[in-house]
Amino acid sequence: MLYHLWSHYYKDATGIVYVVDSSAGELTMKASARLLKEMISHRDLKNVPLLILVNKQDLEWSKRVEEISNILNFKSIQNRPVHITGCCGITGEGLSDAFRWLYESIYVKFIEEASWVTKRLSPRAMRRLSSSSRNSSLLHDQYDGVSFVDDPKRSKEENVSSLSSSSLQAFT
């Protein structure tokens, strides 16, 4: 395993996808739980959304999501958006909804961070930002190749739900 190299990629991570083989044995599951705990405790991954995919749900002998959740001590994961779901890598079942959740979590985190930054800008910097925008009532940003439009007159949920399906395809 190359897990000892993972930390070199943590600094710029905006989301984590952790895939668990639900057909694996007990020892492998416990090792996976230790790796997950070690990974999410790294300082560079603080508050980064975590998506846990429980793969191979199509196999009769695979463990269910609830069993994996208990083994990974899912309920103890705090201070970050976290979601666990079953999937089948071969058929793609469960992947679209899972990555939609991750996309929305990254989007909300980005908007919260952008809001935090703009609240701390000087009045002069805010005027420059407003005058450079085509429409001062909307905040337009480019983030990882996907355009986001945040309308301050709408709630976060309305902004997230208004994302176009074509933008979501960048993550699925």
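Structure report, in brief. (Residues numbered from 1 in each chain as written. Predicted model: local features only at pLDDT ≥ 70, side-chain atom pairs only at ≥ 80, totals over all residues. Heavy atoms only, no water.)

**Some remarks on the nonpolar core**
Line of reasoning, step 1. Membership of the largest hydrophobic core comes to 22 residues, with the highest contact counts inside it found for Y18, L36, M39, L50 and I52.
Line of reasoning, step 2. Elements that contribute at least two residues to this core include exactly β1 (16–21), α1 (26–40), β2 (50–55) and α2 (65–71).
Line of reasoning, step 3. The greatest single-element share of this core, amounting to six residues, is contributed by α1.
Line of reasoning, step 4. The contacts of M39, once residues within four sequence positions are left out, are W6, Y10, I16, Y18 and L45.
Line of reasoning, step 5. One finds L51, L53, F99 and I106 within the second-largest nonpolar core, a separate group that totals eight residues. (Core = buried A, V, L, I, M, F, W, Y, C linked by side-chain atoms within 4.5 Å. Buried < 20%, exposed > 50% of the residue type's maximum accessible area, 1.4 Å probe, protein only. Helix = DSSP H or I, 4+ residues; strand = E, 2+ residues; numbered from the N terminus. Contact = heavy atoms within 4.5 Å.)

**Re the pattern of salt bridges**
Line of reasoning, step 1. By the definition in use, this model includes one salt bridge.
Line of reasoning, step 2. One salt bridge in this structure joins D21 and K56, with 3.1 Å as the shortest N-O distance. Of this pair, D21 sits in strand β1 while K56 sits in the loop between β2 and α2; the two residues are 35 residues apart in sequence, bridging distant segments of the chain.
Line of reasoning, step 3. Relative accessible area serves as the criterion here: at 30%, D21 is assigned to the partly exposed category. (Salt bridge = Lys/Arg side-chain N within 4 Å of Asp/Glu carboxyl O.)

**Digging into the environment of T85**
Line of reasoning, step 1. The residue T85 is located in strand β3 (residues 82–86) in this model.
Line of reasoning, step 2. The sequence separation of T85 and V54 amounts to 31 residues, and the corresponding C-alpha distance is 6.0 Å.
Line of reasoning, step 3. In this structure, T85 is in contact with L51, I52, L53, V54, V65 and A98, ignoring residues within four places of it in sequence.

**A few points about the layout of surface pockets**
Line of reasoning, step 1. Computed from the structure, the second largest pocket encloses a volume of approximately 250 Å³.
Line of reasoning, step 2. Lining of the second largest pocket is provided by A33, L36, K37, I40, S41, I71, L72, N73, S76, I77, Q78 and R80.
Line of reasoning, step 3. Ranked by residues supplied to the lining of the second largest pocket, first place goes to α1 with four residues.
Line of reasoning, step 4. When the residues that make up the lining of the second largest pocket are grouped by side-chain class, the tally is six nonpolar, four polar and two charged. (1 Å grid on protein atoms, 1.4 Å probe; cavity = no way out; pocket = protein on both sides within 12 Å on 5 of 7 lines; lining within 4 Å. Points joined across faces, edges and corners; volume = space filled by probe spheres on them. Nonpolar A, V, L, I, M, F, W, Y, C, P; charged D, E, K, R; others polar.)

**Section: α1**
Line of reasoning, step 1. Along its 15 residues, α1 runs 21 Å from first to last C-alpha, staying within 8% of the 21 Å computed at 1.5 Å per residue.
Line of reasoning, step 2. Check the buried side of α1 and you find it contacts β1, β2 and α2. (Expected span 1.5 Å × (residues − 1).)

**Things to note about the sheet that holds β3**
Line of reasoning, step 1. Pairing in this open sheet of three strands is parallel, and the strands run β1-β2-β3 from one edge to the other. On the outer flanks of this sheet lie β1 and β3, each paired with one strand and no other. On average, each strand axis in the sheet is inclined to that of its neighbour by 20 degrees, with strand direction left out of account.
Line of reasoning, step 2. Here five bridges tie β2 to β3, and the two strands are oriented parallel to one another. Note on β3: the bridge partner recorded for V54 is G86.
Line of reasoning, step 3. Here α1 sits on the sheet in contact with β1 and β2, set at roughly 170 degrees to β1. (Pairing = 2+ DSSP bridges. Axes fitted to C-alpha atoms, helices over the stretch in contact; angles between N-to-C directions.)

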